[in-house]
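Architecture and fold: a report
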Amino acid sequence: MPSMTSSDSAQRQSNHNTDVNQLKKLKAEPFARRQKIEQHRKSLPIAAVEKVLLEEVRNNDTLIVVGETGSGKTTQLPQYLNNGGFCRNGGIIGITQPRRVAAITVAKRVAEECGVALGQQVGYAIRFEDVTSRSTRIKYMTDGLLLREALLDSYLSKYSVIIVDEAHERTVHTDVLLGLLKTVQKTRSQGVSDAVNIDHREAKNGMLLEKHNGSEVASILKQCRGKKLSPLKIIIMSASLDARVFSEYFGGARAVHVQGRQYPVDILYTRQPETDYIDATLITIFQIHMEEGPGDVLVFLTGQEEIESVERLVHERLPQLSESKRKLLTFPIFSSLPSEKQMKVFMPAPVGFRKVILATNIAETSVTIPGIKYVIDPGMVKVRTYEASTGIEPLIIIKTSKAQALQRSGRAGREGPGKCYRLYPENEFDKLKDSTTPEIKRCNLSNVILHLKALGIDDIIGFDFIEQPDRIAIIKSMELLFLLGALTEESKLSDPVGQKMARLPLDPIYSKALIIASQFNCLEEMLIVVAMLSVESIFYAPREKLEESRIALKSFASPEGDHLTLLNVYRASEEFLQKSNLVNSKEKAEKNLRKWCKENFINSRSVKHARDIHSQIRRNAEQMGFHVTSCGDDLLPLRRCLAASFFLNAALKQPDGTYRALSSGLTVQIHPSSVLFRMKPDCIIFDELVRTNHNYIRNISRIDYLWLAELAPQCYALQE
DNA sequence: GAGCACTGC
């Protein structure tokens, strides 16, 4: 699957200025192609109900659209609304997606269907990338991005319609957005009288913004005071057959069902429950290979370890088959797999060969692999959970939900009729939960709370969520925010600390670290550390090259800990890139950087991501008036700032070499990947606590015990 | 002396 690069986006941005050329190109476009697009649009199931849909949207403020895969709802409905006059008076139709790739690919498709250049009437916006312009009327975006926009414009006043797509996935962002939209819709329909009440908060946000963006804020304020806000239309789109939850949440909103277009998939169950689903998976793979016609196989497993062991077992058993039957190739895919290896699943198998794709959940929604005819679903999934009492978020393996099983089997019917092998008996299916527990019920809520508070929503427990999060989880997260100084004793967002933390797109602890660092002249360094902590693992150590990777790591290692080590890695990569830039083109320099990363056992995707985050938060920090200064060679202030922000994650060495986490009282161990694994300093702070065989802490720095009482007196007092 | 699903700002 083609991935976006920043150079792509730069090119697209420059396209905005070449309308004339675009027009010429469009005029020259073959008539046949346009006709083909029109034909395709008319053939979609949703086309049959275009008039009904427009009528329903005109007559109702909120509408639920239930459409299965292939209905065309995501690409067509916004076009219908645009043609139906819903963008009159300059209103924008916003469509939110849970994933970035979806926002990009759908926007591209719709721009093509409309015959316009991407970024003009049709565009998209995701983090780090805004491909929209003043003329954009249909805007695809991630739901998280719209939530961010709401912090600057709490009425979402530029949108006439907001469509929340894939609402059935129930991500945290979707759930918070639904709650917000409900409030915004109410306020906007009440019009100008109530708007005045919120002006106070607008003004407060405005204060923060004025330094860099006074005109934008002024215009929002003017909009709110001067004119009556137009009502907001909300459309919730879901693929789940049960629209009731959404309908009830929006006061009995009407629901329209749109036919999907999928090929039939035969569902096969086992007669008996399987005791070992890995073994059952293997048997099924070979059964399909020996007995079924051509077509590739997609197997859903829970994680990297399972994928690698199934792959090994398949190759062990393959030689037992007759030579003509050995034409079977396996391809693993999971998110942490380097992208060049991920790409391989998209390549067609050589003639006569059958591809077996061993995938995690990534193949459920995030990537669509062509050629799949058979799906093997053992019915298990690995999910992150949240323990409010300890704050740990352990990963556990559980049974899938019915909705998930349906989603998986649907992967076999995209190009023709298919088969799905569920490795459990049919009566087990009936016992599965209808849908997956919404993320908001199993995650840390500190960011959600910070966000809602910044939107002026103070009563979190009383907030009208579509599904209420755990009361205890809310209270725990509020406690954390209070200890970080983001909330006052009255649970109000503090000014300026809480206000500033809410504006940064980071974990609250990281935001706090930036605020403290700005006061101790080491913001330059902290911006790098926080960016590096925000991405997936920076180092990778393939089993076969363990020793080599260890030597590579040593050249960056700091005796003070992992935070300074990450700083060293970032600086080394920057230095390499700058030197390379002097003698190479930008593309060549980036390619060289990837090579440098590989040689040093560093994940180049993570470094790229960290650089993007770094430039974003650096800009944010400057906009908020922070002084980005460096502490130079003396990194003591940086370590003190780490202690002052990560004080809740402090741990003390015990006589047996394990550590005691001070706030939770848990016994923890330094993860073997840490540079401090052997050093074992007396007092440390850590970034993260993960539970596997032990309670492991990761990303650790040595600190002085006395700093805790000095820098976090709200938590620690010196004992006599 | 270890292995962590997937997203997102």
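About the thresholds
- Residues numbered from 1 in each chain as written.
- Chains lettered and ligands numbered in written order.
- Predicted model: local features only at pLDDT ≥ 70, side-chain atom pairs only at ≥ 80, totals over all residues.
- Heavy atoms only, no water.
- Patch = residues over 30% accessible without salt bridge, like charges linked within 9 Å, V, L, I, M, F, W, Y side chains within 5 Å.
- Areas by Shrake-Rupley, 256 points an atom, 1.4 Å probe, with all protein chains shown as cover.
- Salt bridge = Lys/Arg side-chain N within 4 Å of Asp/Glu carboxyl O.
- Lys, Arg positive; Asp, Glu negative; His and termini not counted.
- Charge placed at Lys NZ, Arg CZ, Asp CG, Glu CD.
- Helix = DSSP H or I, 4+ residues; strand = E, 2+ residues; numbered from the N terminus.
- Axes fitted to C-alpha atoms, helices over the stretch in contact; angles between N-to-C directions.
- Left-handed = near helix turned anticlockwise from the far one by under 90°.
- Contact = heavy atoms within 4.5 Å.
- Nonpolar A, V, L, I, M, F, W, Y, C, P; charged D, E, K, R; others polar.
- UniProt positions renumbered as here; feature names shortened; annotations may be inferred.
- Pairing = 2+ DSSP bridges.
- Expected span 1.5 Å × (residues − 1).
- Buried < 20%, exposed > 50% of the residue type's maximum accessible area, 1.4 Å probe, protein only.
- Arc of directions from axis to C-beta.
- Near = heavy atom within 4 Å.
- Polar contact = N/O pair within 3.5 Å; in protein donor to acceptor, adjacent residues only side chain to side chain.
- Domains from an automatic or database assignment.
- Parallel < 35°, antiparallel > 145°, perpendicular 65-115°, else oblique.
- Disulfide = S-S within 2.5 Å.
- Phe/Tyr/Trp six-rings, centres within 6.5 Å; stacked < 30°, edge-to-face > 60°.
- Lys NZ or Arg CZ within 6 Å of the ring centre and 35° of its normal.
- pLDDT = per-residue confidence, 0-100.
- Core = buried A, V, L, I, M, F, W, Y, C linked by side-chain atoms within 4.5 Å.

The next point concerns a positive patch on the surface. On the surface, a cluster of positive charge is contributed by Lys341, Lys344, Lys545 and Lys598. If you trace the backbone, Lys341 turns up in helix 13 (residues 339-343).

Two numbers describe how helix 4 (residues 50-59) lies on helix 5 (residues 73-83): the axes approach to 10 Å, and their chain directions differ by 65°. Crossing angle aside, the handedness with which helix 4 passes helix 5 is right-handed. Across the interface between the two elements, Glu50, Leu53, Leu54 and Val57 of helix 4 pack against Leu77, Tyr80 and Leu81 of helix 5. Its residues placed into classes, the contact of helix 4 with helix 5 shows six nonpolar, no polar and one charged.

With numbering matched to this structure, UniProt assigns "domain: Helicase C-terminal" (unreviewed entry) to residues 284-456. Along residues 284-456 the backbone is 29% helical and 22% strand, and the end-to-end C-alpha distance reaches 55 Å.

This next bit is on the sheet that holds strand 18 (residues 659-661). The strands that make up a sheet are held in pairs by hydrogen bonds between backbone atoms, and each pair lies either parallel or antiparallel. Within the closed barrel, the five strands sit side by side as 17-18-19-21-20. Their pairing is mixed. Across this sheet, the average inter-strand angle for adjacent strands is 50°, counted without regard to direction. Both strand 20 (residues 683-691) and strand 21 (residues 695-702) contribute to a ladder of seven bridges, which runs antiparallel. What sits directly across from Phe686, in strand 21, is Ile700.

Okay, helix 23 (residues 586-599) next. Note that an α-helix has 3.6 residues per turn; residues three or four places apart therefore point the same way. The terminal C-alpha atoms of helix 23, which comprises 14 residues, lie 20 Å apart, in line with the 20 Å expected from a rise of 1.5 Å per residue. For helix 23, the set of buried residues is Ala589, Leu593, Trp596 and Cys597. Considered in projection along helix 23, the buried side chains sweep an arc of 100° and stay on one side of the axis. Projecting away from the buried face of helix 23 at angles above 90 degrees are the exposed residues Glu587, Lys591, Lys595 and Lys598.

Lining the immediate environment of DNA strand B, one finds 34 residues, of which Arg100, Thr142, Ser335, Val690 and Thr692 sit closest. Taking the atoms of DNA strand B that fall within 4 Å of the protein, sugar and phosphate contribute 67% of them. In the model, a base nitrogen of DNA strand B is placed 3.3 Å from a nitrogen or oxygen of the Pro505 main chain. Counting residues per element, the ones that place at least two in the surface near DNA strand B are helix 7 (143-152), strand 14 (380-384), helix 21 (546-554), strand 20 and strand 21. Sort the elements by how many residues they give to the surface near DNA strand B and helix 7 lands first, with three residues. The class makeup of the residues in the surface near DNA strand B is 13 nonpolar, eleven polar and ten charged.

A word on the sheet that holds strand 13 (residues 372-377). Taken in spatial order, the six strands make up an open sheet running 9-16-13-10-12-11, and their pairing is parallel. Edge strands, defined here as strands with exactly one partner in the open sheet, are strand 9 (265-269) and strand 11 (328-333). Each strand of the sheet is rotated relative to its neighbour by a mean of 20°, with strand direction disregarded. Across four bridges, strand 13 lies against strand 16 (residues 418-422) in parallel orientation. Bridged to Ile376 within strand 16 is Tyr421. Across the sheet, helix 11 (residues 277-291) lies against strand 10 (296-300), strand 11, strand 12 (354-359), strand 13 and strand 16, angled at about 155° from strand 13, the strand it touches most. Here helix 12 (residues 304-317) sits on the sheet in contact with strand 11 and strand 12, set at roughly 170° to strand 11.

Right, let's get into the domain arrangement of chain A. Taken domain by domain, chain A holds domain 1 (45-191 + 229-258), domain 2 (265-437), domain 3 (440-503), domain 4 (504-633) and domain 5 (646-720). The centre of domain 1, based on its C-alpha atoms, is set 36 Å off from the matching centre of domain 4.

On to helix 19 (residues 508-519). Taking 1.5 Å of rise per residue, the twelve residues of helix 19 would be expected to cover 16 Å, and the 17 Å separating its terminal C-alpha atoms lies within 8% of that figure. Counting buried residues along helix 19, eleven of its twelve residues qualify, which places the element largely inside the surrounding structure. Within helix 19, the full set of buried residues consists of Pro508, Ile509, Tyr510, Ser511, Lys512, Ala513, Leu514, Ile515, Ile516, Ala517 and Ser518. Looking one or two residues past helix 19, Asn521 carries a phi angle of roughly 55°, positive in sign.

Moving on: the packing of helix 20 (residues 523-533) against helix 22 (residues 562-583). Running from N to C, helix 20 and helix 22 point in directions that differ by 95°, and their axes come no closer than 9 Å. Taken together, helix 20 and helix 22 sit at an angle that is classed as roughly perpendicular. Along the contact surface, helix 20 presents Glu525, Ile528, Val529, Met532 and Leu533, while helix 22 presents His563, Leu566, Leu567, Val569, Tyr570 and Arg571. Across the contact of helix 20 with helix 22, the residue classes tally to eight nonpolar, one polar and two charged.

What follows concerns the pattern of salt bridges. Going through the model one piece at a time under the given rule, you end up with 38 salt bridges. With its nearest N and O atoms 3.6 Å apart, the salt bridge here joins Arg170 to Glu467. With a gap of 297 residues between them, Arg170 in the loop between strand 6 (159-164) and helix 8 (172-190) and Glu467 in the loop between helix 16 (446-454) and helix 17 (471-483) connect regions that are remote in the sequence. Note that Glu364 is salt-bridged to Arg408, the shortest N-O span being 2.7 Å. Of the two residues, Glu364 sits in the loop between strand 12 and strand 13 while Arg408 sits in helix 14 (residues 402-410), which places them 44 residues apart along the sequence. Using a relative accessible area of 8% as the deciding quantity, one classes Glu364 as buried. A single salt-bridge network, built from bridges that share partners, covers Arg33, Glu38, Arg41, Arg109, Glu112 and Glu113.

What follows is about the pairing of strand 10. In the case of a regular strand, side chains alternate between the two sheet surfaces. Among the five residues in strand 10, five count as buried, and that is most of the element. As paired elements, strand 10 and strand 13 share four bridges and run parallel to each other. Of the residues in strand 13, the one forming a bridge with Val299 is Ile376. When strand 10 meets strand 12, the two strands line up parallel, connected through four bridges. Looking at strand 12, one finds that Phe300 is bridged to Ala359.

This part is about the state of the cysteines. Evaluation of the coordinates by the stated rule reveals zero disulfides. Cys87 carries a free sulfur, and the closest cysteine sulfur to it, the one in Cys114, is 10 Å from it.

Before going further, it helps to spend a moment on the packing of aromatic side chains. Given two aromatic rings, their pairing is described by the distance between the two centres and the angle made by the two planes. One pass over the full model with this rule turns up eight aromatic pairs. Note that Lys355 overlies the ring of Phe331, its terminal NZ or CZ placed 6.0 Å from the centroid.

With that out of the way, let us pick up the confidence of the model for chain A. Of all residues in chain A, 90% attain a pLDDT of 70 or more, and the chain-wide mean is 88. Ranking the elements of chain A by mean pLDDT puts helix 1 (residues 6-15) last, at 39, and helix 20 first, at 97. Confidence over residues 192-226 falls short of pLDDT 50; this stretch has 43 contacts with residues more than four positions distant or in other chains.

Counting 117 residues, the largest nonpolar core has Ile236, Leu452, Leu514 and Met526 as the members making the most contacts within it. The element best represented in this core is helix 20, accounting for nine residues. Setting aside its immediate chain neighbours within four residues, Ile236 contacts Leu63, Ile64, Val65, Val164, Ala167, Leu178, Phe246 and Phe250.

Quick look at the side chain of Ser645 now. The topology assignment puts Ser645 in helix 25 (residues 636-645). Of the residues examined, Ser645 reaches a relative accessible area of 1% and is grouped as buried.

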